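What the coordinates show
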Amino acid sequence: MSSKTLPLLFINLGGEMLYILDQRLRAQNIPPVKSEKVMNDIITTMFNKKFLEELFKLQELYSKKALRTVFDRLAHASIMRLNQASMDKLYDLMTMAFKYQVLLCPRPKDILLVSFNHMDAIKDFVKNSPCILSQIDDTYRKLIEMYTPLSNGEFQLIRQTLLIFFQDMHIRVSIFLKDKVQNSNGRFVLPTSGPVPHGTQIPGLIRMFSCTGEEVSRLQFNNGGNYTAALREGSFESFGDRVTKLGTNMYSVSRPVETHMSGTSKNSAQHTKVNAAPNPLAKEELNLLARLMGGLEVQKSGNADSGFRINLFATDEEEEEALISRPDELSYGVIKIQATKDQQANAELAKIMGEFTESGDQSPSASSKGDDLLAMMDGL
């Protein structure tokens, strides 16, 4: 069954990616001019019009590997480069941060407020670039148009879809471990106290009603927690107070962040590898992914010397060690998809190639021309 989960997943993971990259750019003392270019290029690519059109189509949620492929390309949409180990760590941090936010949402609908917090932060990253701000404003409108009319049941379905996507991911993150919101096995510790969801009452009262709807008795009970009433509902408009802090930058206070694979995750990944069977939907997913990535217009820098590498580890030695020790089944290979920037041109080429094939000419010269055409399409 198709769902409307993909845009929210992408925007929230993208927001977390930008938080982490911004923190690392500052930590490595990258010149402000280069840091700003990196953020601008990645955000421009994220909010590309063709890309968003594909993203907002009603469709199934992609697999972890397919989504990782998209973010791998996004992270390298500028002059910045990451080694495989750093890219693995970046993706681990992104996914675990958003998983925790989904788990903490008081109401399923609050996932949209978390998304708006990420959007607000992304907008602040490019506040000096009017052209990019216009792209982000268009995305705000798409989000409001698609999600604000949804019922509570539809948001519950989105939340469950996200939790199913994250359910086998138990990466230990130093920030979460230090704050004691994550156990040593990588599972999160959820609070049993705090504000109740907006529109609900503090638990502790049972009311009995007659068949005519008249209240006849009340019974108090110990709710086992320290609950408070919700202050107010967050704003679902382009501008407004979101109230919730979920989706804001947890890296604003500089502190080291490490990730560690838990034993549960390793065993689960190995189990998946052993029992993996050919997926009949793999071809369809690649077709969807090709269309999605066809909208990604990655900027190529003309000056190779202007590029630089970001390391998400403390030292290069730690990065190399992480790359060596990383289980093969958890290192996501990049699926190379040749996608032209101009989909109309690609369709025309495909049509020409189809007519050429139907002609039935099997001469050596025809075969050579066909090879040349395939090579030309691969070069796009």
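Conventions adopted
- Residues numbered from 1 in each chain as written.
- Predicted model: local features only at pLDDT ≥ 70, side-chain atom pairs only at ≥ 80, totals over all residues.
- Heavy atoms only, no water.
- Phe/Tyr/Trp six-rings, centres within 6.5 Å; stacked < 30°, edge-to-face > 60°.
- Helix = DSSP H or I, 4+ residues; strand = E, 2+ residues; numbered from the N terminus.
- Buried < 20%, exposed > 50% of the residue type's maximum accessible area, 1.4 Å probe, protein only.
- Lys NZ or Arg CZ within 6 Å of the ring centre and 35° of its normal.
- Patch = residues over 30% accessible without salt bridge, like charges linked within 9 Å, V, L, I, M, F, W, Y side chains within 5 Å.
- Areas by Shrake-Rupley, 256 points an atom, 1.4 Å probe, with all protein chains shown as cover.
- Salt bridge = Lys/Arg side-chain N within 4 Å of Asp/Glu carboxyl O.
- Pairing = 2+ DSSP bridges.
- Axes fitted to C-alpha atoms, helices over the stretch in contact; angles between N-to-C directions.
- Parallel < 35°, antiparallel > 145°, perpendicular 65-115°, else oblique.
- Left-handed = near helix turned anticlockwise from the far one by under 90°.
- Contact = heavy atoms within 4.5 Å.
- Nonpolar A, V, L, I, M, F, W, Y, C, P; charged D, E, K, R; others polar.
- Expected span 1.5 Å × (residues − 1).
- pLDDT = per-residue confidence, 0-100.
- Core = buried A, V, L, I, M, F, W, Y, C linked by side-chain atoms within 4.5 Å.

**Here we look at the packing of aromatic side chains**
Working definition: an aromatic ring pair is given by the centre-to-centre distance plus the angle between the planes. Under the defined criterion, the tally for this structure stands at 10 aromatic pairs. Look at Phe 10 and Phe 71: their rings are 5.3 Å apart centre to centre, the planes differ by 25°, and that puts the pair in the stacked class. With a gap of 61 residues between them, Phe 10 in helix H1 (residues 6–27) and Phe 71 in helix H4 (residues 64–75) connect regions that are remote in the sequence. You can call Phe 10 buried: its relative accessible area is 3%. Residue classification places Phe 71 among the buried residues on the basis of a relative accessible area of 0%. Judged by centre distance (6.0 Å) and plane angle (25°), the ring pair of Phe 116 and Tyr 140 falls under stacked. Of this pair, Phe 116 sits in helix H6 (residues 110–125) while Tyr 140 is found in helix H7 (residues 130–147), placing the two residues 24 residues apart along the sequence. The exposure classification of Phe 116 matches that of Tyr 140, with both residues buried. What links up through ring pairs into an aromatic cluster is the set Phe 10, Phe 51, Phe 71 and Tyr 91. Over the face of the ring belonging to Phe 165 we find Lys 64, whose NZ or CZ atom lies 5.0 Å from the ring centre.

**Notes on a nonpolar patch on the surface**
A cluster of nonpolar side chains, namely Ile 206, Met 208, Val 216, Leu 219 and Phe 221, defines an oily patch on the protein surface of about 460 Å² accessible area. When contributions to the nonpolar patch are tallied by element, the ones reaching two or more residues are strand S4 (205–209) and strand S5 (215–220). If you trace the backbone, Val 216 turns up in strand S5. By relative accessible area, Val 216 is classed as exposed at 56%.

**Comments concerning the pattern of salt bridges**
Under the counting rule described, the total for this entry stands at 13 salt bridges. The residue Arg 107 makes a salt bridge to Asp 110 at a minimum N-O spacing of 2.9 Å. The class of Arg 107 is buried, set by a relative accessible area of 16%. What you see here is one network of salt bridges that share partners, running through Arg 68, Asp 72 and Asp 88.

**Looking at the pairing of S5**
Where burial is concerned, little of S5 is hidden: zero out of the six residues are buried. Pairing between S4 and S5: five bridges, direction antiparallel. Paired with Arg 207 across the two strands is Arg 218, which belongs to S5. Here S4 folds back onto S5, and the loop between the two strands holds five residues, one of which, Gly 213, carries a positive phi near 90°.

**Regarding the packing of H1 against H4**
Relative to each other, H1 and H4 sit at 40°, their axes nearing to 12 Å. Taken together, the axes of H1 and H4 lie oblique to each other. Seen along the crossing, H1 lies across H4 with a hand that is right-handed. Of H4, the residues touching H1 (which contributes Leu 6, Leu 9, Phe 10, Leu 13, Gly 14 and Met 17) are Leu 67, Val 70, Phe 71, Leu 74 and Ala 75. Residues belonging to the contact of H1 with H4 are distributed by class as follows: 10 nonpolar, one polar and no charged.

**Some remarks on H1**
Taking 1.5 Å per residue, 22 residues should reach 32 Å; H1 reaches 32 Å between its end C-alpha atoms and fits that length. Burial of H1 is extensive: 20 of the 22 residues sit out of reach of the surface.

**With respect to H7**
Between the first and last C-alpha of H7 there are 26 Å, a value that for 18 residues agrees with the 26 Å anticipated at 1.5 Å per step. Turning to H7, the residues buried within the fold contact H1, helix H2 (32–46), helix H3 (49–55), H6 and helix H8 (152–166).

**Section: unusual backbone geometry**
With a phi angle near 60°, Lys 180 is a residue other than glycine that sits in the positive phi range. When you line up the elements, Lys 180 lands in the loop between helix H9 (174–178) and strand S3 (194–195). Accessibility expressed as a relative area gives 67% for Lys 180, which makes it exposed. The backbone phi angle of Val 243 is positive, close to 70°, even though this residue is not glycine. The residue Val 243 is located in the loop between strand S6 (227–228) and strand S7 (259–261) in this model. A relative accessible area of 28% places Val 243 in the partly exposed class.

**Things to note about the environment of Phe 116**
Assessed through its relative accessible area of 0%, Phe 116 is described here as buried. Sequence separation between Phe 116 and Phe 236 is 120 residues, and the spatial gap between their C-alpha atoms is 7.7 Å. Leave out the neighbours within four places in its chain, and Phe 116 touches Tyr 140, Leu 143, Ile 144, Ser 235, Phe 236 and Arg 242.

**Let's talk about the confidence of the model for the chain**
With 68% of its residues at a pLDDT of 70 or more, the chain has an overall mean of 77. Helix H10 (residues 263–274) is the least confidently modelled element of the chain, averaging 41 in pLDDT, while H6 averages 95, the highest of any element. Segment residues 331–343: pLDDT under 50, and 33 contacts once partners within four positions in sequence are set aside and those in other chains are kept.

**Some remarks on the nonpolar core**
Judged by nonpolar contacts, the single largest core of 79 residues is most densely connected at Leu 9, Phe 10, Met 17, Phe 71, Leu 90, Ile 136 and Tyr 147. If one sorts the elements of this core by residue count, H1 sits on top with 12 residues. Discounting chain neighbours no more than four positions away, the residues touching Phe 71 are Phe 10, Leu 13, Gly 14, Met 17, Met 87, Tyr 91 and Met 94.

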